[in-house]
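Chain by chain, the residues run as shown.
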Amino acid sequence: MRTGVRPPVLGGKWVCLLAASLLLALSACEGQGAVPGPRPGRDAHKVKVSAAHAAALEAQGAERIADYGSFRLLRVEPEVLAGAAPDAEIEIRDDFDEILLNATTIDTASDEGRALHGLRTGEPGPRLHLVQFQGPILPEWYRGLEESGVRIVAYIPNNAYLVYGDADVLAGASRLAAVQWHGAFLNDFKIDPGVRSAATEEWLIQLVKDEAANAATLERIRASAYEAPVVQEALGYVNVAVSMPRARVLEVALHPEVVSIQARPMPKPTASGRRC
């Protein structure tokens, strides 16, 4: 089953910027164990349950979210879950409602996550946006996202995509039946947590390739750079290695097509004096 697309990996001298800044966070699997209380802002759990045992929970009022053949994803109230048969092969997957950015975690079922739901910047032109599906990505869900006209930038755990498009296109994607949450990719989401404290003024910046937007962003970068930045294009991205003041690089996040900003790892000298 196809559950998503993998982000591009850049080789050679380039660090995989997208993986480093956005996609290092991993989802965690929970065993059944004791039934936890609802997380703040929610009154039911998402559970992954074998097809053989799903019908019993549905008969008690559990809501079917999606059917994956060998298992189903259900929304179940705690009292129903507490009464499930011990051999029901249940996994609590409330983490399916989390979007794991390197800058932060958005629990889209929490009060804070709901406050971000549907948020748009209101500015004209193409923007970056987050779209989260109800569960592991089914092929028809992914096709619907493609057909909406957005540019799919990257998969982000859990069950989410970073997409790029103008307001009309983003509105179409957000109306897909299997989309449970969507919201603006805010400027703070683009900045690696280490940027504000790094003892360096060497940075790696990744942009979605968009010639009109890139021209303005690169002009801003060059205007503040200590020396000419190194710019490379690959796989639909523009990657920039640059030396510039921290305050100025933080301002680069204001540009709509910026995906990530992080401190540039500097090579360490070896015993022979060479850098690796």
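Residues numbered from 1 in each chain as written. Predicted model: local features only at pLDDT ≥ 70, side-chain atom pairs only at ≥ 80, totals over all residues. Heavy atoms only, no water.

Caption draft 1: Seen up close, the nonpolar core. Core analysis: the biggest nonpolar cluster contains 22 residues, and Phe-133, Trp-141, Leu-145, Tyr-161 and Val-163 have the highest contact counts within it. Elements with a contribution of two residues or more to this core: strand 2 (63-67), strand 3 (71-76), strand 7 (127-133), helix 5 (139-147), strand 8 (151-156), strand 9 (160-165) and helix 6 (167-174). Looking at this core element by element, the count peaks at three residues for helix 5. If we ignore the near neighbours within four places in the chain, the residues touching Val-163 are Arg-127, Leu-128, His-129, Val-131, Leu-145, Val-150, Arg-151, Ile-152, Val-153 and Leu-170. Judged by nonpolar contacts, the second largest core, of 18 residues, contains Ile-106, Leu-130, Ile-156 and Phe-189. (Core = buried A, V, L, I, M, F, W, Y, C linked by side-chain atoms within 4.5 Å. Buried < 20%, exposed > 50% of the residue type's maximum accessible area, 1.4 Å probe, protein only. Helix = DSSP H or I, 4+ residues; strand = E, 2+ residues; numbered from the N terminus. Contact = heavy atoms within 4.5 Å.)

Caption draft 2: Broad picture of the sheet that holds strand 13 (residues 237-243). Strands sit in the order 12-13-11-14 across an open sheet of four strands; the sheet is antiparallel. Looking along the sheet, the strands with just one partner apiece sit at the ends: strand 12 (230-234) and strand 14 (258-263). Neighbouring strand axes in the sheet, compared pairwise and without regard to direction, differ in orientation by 15 degrees on average. Looking at chain direction, strand 12 and strand 13 are connected through five bridges and run antiparallel. If you follow Val-231 over to strand 13, its bridge partner there is Val-240. Here helix 7 (residues 211-224) sits on the sheet in contact with strand 11 (202-208), strand 12, strand 13 and strand 14, set at roughly 170 degrees to strand 11. (Pairing = 2+ DSSP bridges. Axes fitted to C-alpha atoms, helices over the stretch in contact; angles between N-to-C directions.)

Interpretation in functional terms is not warranted from these geometric data alone.
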